Amino acid sequence: MAEFEKRFSLEGINLLTFFGFNDNNLRLLENRYNTTLIARGESLLIRGVQQEVEIVEKLLKEMAFVLNTKGELSERDVAMIVELVGKGKEMVNDKDFDSIILYTKNDVIKAKTAGQVAYLQIARKNDICFAIGPAGTGKTYLAVAFAVSALKNGFVKKIVLARPAVEAGESLGFLPGDFREKIDPYLRPLYDALDDMLPTEKLKSYIEKGIVEIVPLAYMRGRTLNNAFVILDEAQNSTDTQMKMFLTRLGANSRSIITGDITQIDLPSKTASGLIKAKEILQGIEGVGFIYFEKSDVVRHKLVKDIIDAYERYQDKTSLK
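Nothing here was measured: the structure is a model prediction, and the numbers come from that model.

What counts, and where the lines are drawn
Residues numbered from 1 in each chain as written. Predicted model: local features only at pLDDT ≥ 70, side-chain atom pairs only at ≥ 80, totals over all residues. Heavy atoms only, no water. Pairing = 2+ DSSP bridges. Helix = DSSP H or I, 4+ residues; strand = E, 2+ residues; numbered from the N terminus. Axes fitted to C-alpha atoms, helices over the stretch in contact; angles between N-to-C directions. Buried < 20%, exposed > 50% of the residue type's maximum accessible area, 1.4 Å probe, protein only.

K.L.:
Kindly report on the sheet that holds strand β3 (residues 43-48), identifying the contributing residues and their values.
P.N.:
One open sheet holds the 3 strands; their spatial order is β1-β3-β2, and the pairing between them is antiparallel. Edge positions in the sheet fall to β1 (4-9) and β2 (36-40), since each of these pairs with one other strand and no more. Averaged over all pairs of adjacent strands, the angle between their axes in this sheet comes to 20°, without regard to strand direction. Of the pairings in the sheet, the one linking β1 to β3 comprises 6 bridges and is antiparallel in character. Note on β3: the bridge partner recorded for Arg 7 is Leu 45.

The following block contains the structure:
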């Protein structure tokens, strides 16, 4: 019978845990299904009889699901997966698999629109990704999911999330309360996203240990961030100087996502947005990717799209006067 082969993507998977000690997880599948599994770069080549190759591909998807859900994958887990799939029980289907970003205890975070699928692809391909578009398109939420996934899978050692505190003039000194009380209102959306993705006690522990940092953009100056996933949110409210400062913080084995909506700039009228400047300056640089969201990518309340449309019509009407 002719040999059949398929490729299984290993992108975003902790290979040491996935393969098991001495590749025992792979050996178990090979012995059970008379297939050959060969790791090549960021993919796994599955060779054998077509029917068995397709079963092994399903098993590998289930193994990735369990690893990302639990943060670990034991030989016992693999044996249980083999038994369940053998009985026709599956946890994840083909359509969902490539769009999944992160598994949490209670949910699966995945790309839901064409724009979000493109976002996922561009963020995986480039070390720096700019996500630009209207409110409600998942720019920030998915960026945090990318970062948490990278941390859980051992690709980075820490997450740094930054936001410009424009309304407080970045100094924050005149506001009442201690440092945390001053900046919390500006950083709350980042906390909310993390709360959805990490157990409360784990998130608290990560913050206390400095594994997760949430800071105003002004406090990034002078740092070099190695082995980190760095996010700049609301980047339209950064100045040109601040944007350059942020982008040059990136150190070895680090990645970054910059999100913003250029229709909602809160800077003084004569101050240029660093996001708009970066969009002009960095086009065409290898390793820097751009994704532009449309209204069709809005995933919030159905009225959000209507609100965006109404404001656009109003702006078009007033610009003609």
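K.L.:
Explain the sheet that holds strand β9 (residues 228-232) to me, using residue names and the numbers behind them.
P.N.:
With respect to topology, 6 strands assemble into an open sheet ordered β8-β7-β9-β10-β6-β11, the strand pairing being parallel. For this open sheet the edge positions go to β8 (212-216) and β11 (288-292), each flanked by a neighbour on one side alone. This sheet shows a mean twist of 15° between the axes of neighbouring strands, independent of strand direction. As judged from the 5 bridges shared by strand β7 (residues 158-163) and β8, these two strands associate in the parallel manner. What sits directly across from Ala 162, in β8, is Val 215.

K.L.:
Explain unusual backbone geometry to me, and be specific about the residues and the numbers.
P.N.:
Despite not being glycine, Asp 23 shows a phi value in the positive range, around 60°. By the element assignment, Asp 23 lies in the loop between α1 (15-19) and α2 (24-33). For Asp 23, a relative accessible area of 30% corresponds to the partly exposed category. Even without being a glycine, Asn 34 presents a positive backbone phi close to 55°. Given the relative accessible area of 64%, Asn 34 is considered exposed.

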